[in-house]
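Below, each chain spelled out in residue letters.
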Amino acid sequence: MRSFTNRIFLFLVLGLVASQVGLAKTTRKEVTFNDPVTVNGTLVKSGTYEVAFDDQTNQLSIVKGRKVIASAEARVEKVGGKVHSLY
């Protein structure tokens, strides 16, 4: 009986952990920088990168291929209207 109880408890804990991972939302977009930018003290050269934002940890990462170029704390805010390019 004790073994059966331990198995049920283990499945409940695994289910809880799996549901937390499933609820985390990571937004990924492709971004092109025309000029070099500095992110959290790291110089990011001009070019096309993938930018990922994890809303659970509020972490923004700039990725090129499989390598993380820069990461920083960030937050999401609504913009009142269209966003236009500066160029």
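Above: the structure in question.
What comes next is a walk through the structure. (Residues numbered from 1 in each chain as written. Predicted model: local features only at pLDDT ≥ 70, side-chain atom pairs only at ≥ 80, totals over all residues. Heavy atoms only, no water.)

A few points about the packing of aromatic side chains
In this structure the tally under the stated criterion is one aromatic pair. Arranged with centres 5.9 Å apart and planes meeting at 45°, the rings of phenylalanine 33 and tyrosine 49 form a pair that is tilted. With phenylalanine 33 in strand S1 (residues 26–33) and tyrosine 49 in strand S4 (residues 47–54), this pair connects stretches of sequence that are 16 residues apart. Residue classification places tyrosine 49 among the buried residues on the basis of a relative accessible area of 8%. In this structure, lysine 64 is placed above the aromatic ring of tyrosine 49, and the distance from its NZ or CZ to the ring centre is 5.0 Å. (Phe/Tyr/Trp six-rings, centres within 6.5 Å; stacked < 30°, edge-to-face > 60°. Helix = DSSP H or I, 4+ residues; strand = E, 2+ residues; numbered from the N terminus. Buried < 20%, exposed > 50% of the residue type's maximum accessible area, 1.4 Å probe, protein only. Lys NZ or Arg CZ within 6 Å of the ring centre and 35° of its normal.)

Focus: the pattern of salt bridges
Within the structure shown, the criterion is met by one salt bridge. Of the charged contacts in the structure, one is a salt bridge between glutamate 50 and arginine 28, with a shortest N-O distance of 2.6 Å. Of the two residues, glutamate 50 is situated in strand S4 and arginine 28 in strand S1; the sequence distance between them amounts to 22 residues. (Salt bridge = Lys/Arg side-chain N within 4 Å of Asp/Glu carboxyl O.)

Concerning the nonpolar core
Of all hydrophobic cores here, the largest spans eight residues; its members are Phe33, Val39, Val44, Tyr49, Val51, Ile62, Ala70 and Ala72. Sorting the residues of this core by element identifies S4 and strand S6 (67–73) as the ones contributing at least two each. Apart from the residues lying within four places of it in its own chain, the contact partners of tyrosine 49 are Lys29, Glu30, Val31, Phe33, Val44, Ile62, Val63, Lys64 and Ile69. (Core = buried A, V, L, I, M, F, W, Y, C linked by side-chain atoms within 4.5 Å. Contact = heavy atoms within 4.5 Å.)

Looking at the pairing of S4
Regular strands show a simple pattern: their side chains alternate between the two faces of the sheet. Direction of pairing for S1 relative to S4: antiparallel, over a ladder of eight bridges. Across the sheet, threonine 32 pairs through a bridge with threonine 48, a residue of S4. Bridging between S4 and strand S5 (residues 59–64) involves five bridges; their strand directions are antiparallel. Residue pairing in the sheet places valine 51 in a bridge with isoleucine 62 of S5. (Pairing = 2+ DSSP bridges.)

Notes on the sheet that holds S1
Pairing is antiparallel in the open sheet, where four strands are placed in the order S1-S4-S5-S6. Single-partner strands in this sheet number two, and they are S1 and S6. Within this sheet the neighbouring strands show an average axis-to-axis angle of 25°, counted without direction. (Axes fitted to C-alpha atoms, helices over the stretch in contact; angles between N-to-C directions.)

The analysis is restricted to geometry; functional conclusions fall outside its scope.
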